[in-house]
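Commentary on secondary and tertiary structure
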Amino acid sequence: MEPIANLNGRQLPLAEARISVLDRGFLFGDAVYEVLRIYSGKPWLLQAHWERLRHSLDALRIRGVDLDRLRQRLLATIAAGPFQEAIAYVQVTRGVAPRAHAFPAEATPTELIYVQAYHDTHAEMRQTGAAVVTYPDIRWDRCDVKSTNLLGNVLAAQAAQEAGCVEALLYLPDGTLTEGSHTSFCWVKGGIIWATPQGSSILLGTTRSFVTQLARGDGLTVRDGTLRREDLGTVAELFLTGTTSEVMPVVQVDGRPIADGRPGPVTRRLQELYRRAVGEFVANPAEGAGGR
Ligand code: PDD
């Protein structure tokens, strides 16, 4: 099925969507975005994605976006397919204006949604575990904003790909690991699940928040912590979380195994809980298309 877009309220095939070269998203990366997973035609963690979108828009002072209307457009675009297993991309830019760095006096935000079928290519790796590399975190100081300025992430992801790995974990000059180029990560040590503290050095992952909530509900302890690159050898388990990765065991970093080099029991348990939660979400008609 061809991807379908909604550009500023107009539905059309993605291949036909056009924006102005004076769009500030194109010229300055003056834009924010979200990526959502659609399971059986229903957008997963929709509320959390919309809250984060609001946070990003507020942080950049992009005004005049009707998020309820945008949500209705998203649901209509999914239904137009109709899409079952899919990804939705949502981007809002500050709009079109003559090129000047400061905010234009008048500009209407550009609102783009597109939905495309998704074939999960991670299934096998979720069983065997993934290999990742580490890469310097050269991004800016507001990583909590999901902006389309992704060069630091792009370079890191490319380094991972060239090393034959799925992801790059980013580290600060003092060795502190922040997050992946497009995923969050957690680790298990001393029977506790650890996660990087929420703040401006990471994007708070909707999947990570959901997974840690599942873990707590299952009686596991989750704490904020800091993991340095040189301490990777001391962790019992390491896993990625993300919209498309879901819960992905990491068994190797920079060519060295994590623990015994196989997915650990806590990660396995979280994968099971995650699958179950998605299954319940898909099966529950009361949830409606709006999702959680
Ligand atoms: N990336 N950290 C970064 C830097 C990300 O770009 C993402 C998501 C995450 C995980 O967030 P979530 O669990 O809400 O997907 C963490 C999306 C998928 C992307 O850029 O394609």
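Note that this is a predicted model, so its numbers are computed, not measured.

1. Quick notes on the overall build of the protein
The number of helices and strands found in the protein is seven helices and 15 strands. Compactness check: the protein gives a C-alpha radius of gyration of 19 Å against a globular reference of 19 Å for 292 residues, within 12% of the reference. Dimensions of the protein along its principal axes, counting C-alpha atoms only, are 55 × 45 × 30 Å. Taking all 292 residues of the protein together, 50% fall into the buried category. Considering only contacts within the protein whose residues lie at least 6 apart along the sequence, 71% involve residues at least 24 apart. Of the charged side chains in the protein, 31 are positive and 32 negative, and the gap between their average positions amounts to 2 Å.

2. A closer look at the domain arrangement of the protein
Parsing the protein into structural domains produces domain 1 (4-117) and domain 2 (123-280). Computed from C-alpha atoms alone, the centre-to-centre distance between domain 1 and domain 2 is 26 Å. Residue-level contacts link 22 residues of domain 1 with 22 residues of domain 2. Buried area between domain 1 and domain 2, summed over both chains or domains, comes out near 1700 Å², and the portion from carbon and sulfur atoms is 61%. When the buried surface of domain 1 facing domain 2 is broken down by residue, Y33, W44 and R52 rank first, second and third, together holding 36% of it. The interface formed by domain 1 and domain 2 includes zero salt bridges. In this structure, the connection of domain 1 to domain 2 is made through ten residue pairs in polar contact (both at pLDDT 80 or more). Mapped by element, the contributors of at least two residues to the side of domain 1 that touches domain 2 are β3 (31-39), α2 (46-60) and β5 (86-93). Of the residues forming the side of domain 1 that touches domain 2, the biggest block, eight residues, is contributed by β3. Each residue belonging to the side of domain 1 that touches domain 2 can be placed in one class, and the counts come to 14 nonpolar, five polar and three charged.

3. Here we look at the site of the ligand
As a structural note, the neighbourhood of the ligand is formed by 19 residues, with Y33, E179, T206, T207 and T243 the closest of them. A distance of 2.6 Å separates an oxygen atom of the ligand from a polar side-chain atom of Y33. Measuring from an oxygen atom of the ligand, one finds a side-chain N or O atom of T207 at 2.6 Å. For the ligand, the accessible surface in isolation is 480 Å², of which the surrounding protein chains cover 89%. Elements that contribute at least two residues to the shell around the ligand include exactly β3, α2, β9 (177-180) and α6 (206-217).

4. Structural notes on the sheet that holds strand β4 (residues 42-43)
Pairing is antiparallel across the open sheet formed by six strands, whose spatial order is β2-β1-β6-β5-β3-β4. Unpaired on one side and paired on the other, β2 (10-13) and β4 mark the two borders of the sheet. Across eight bridges, the pairing between β3 and β5 is antiparallel. Paired with V32 across the two strands is V92, which belongs to β5. Against the sheet, helix α3 (residues 67-80) engages β1 (4-7), β2, β3, β4, β5 and β6 (110-117), with an angle of about 30° to β6. Across the sheet, helix α7 (residues 265-283) is in contact with β3 and β4; its angle to β3 comes to roughly 80°.

What counts and what doesn't
Residues numbered from 1 in each chain as written. Predicted model: local features only at pLDDT ≥ 70, side-chain atom pairs only at ≥ 80, totals over all residues. Heavy atoms only, no water. Helix = DSSP H or I, 4+ residues; strand = E, 2+ residues; numbered from the N terminus. Rg over C-alpha atoms; globule rule 2.2 N^0.38 Å. Buried < 20%, exposed > 50% of the residue type's maximum accessible area, 1.4 Å probe, protein only. Contact = heavy atoms within 4.5 Å. Lys, Arg positive; Asp, Glu negative; His and termini not counted. Charge placed at Lys NZ, Arg CZ, Asp CG, Glu CD. Domains from an automatic or database assignment. Buried area = accessible area lost by both parts, 1.4 Å probe. Salt bridge = Lys/Arg side-chain N within 4 Å of Asp/Glu carboxyl O. Polar contact = N/O pair within 3.5 Å; in protein donor to acceptor, adjacent residues only side chain to side chain. Nonpolar A, V, L, I, M, F, W, Y, C, P; charged D, E, K, R; others polar. Near = heavy atom within 4 Å. Areas by Shrake-Rupley, 256 points an atom, 1.4 Å probe, with all protein chains shown as cover. Pairing = 2+ DSSP bridges. Axes fitted to C-alpha atoms, helices over the stretch in contact; angles between N-to-C directions.

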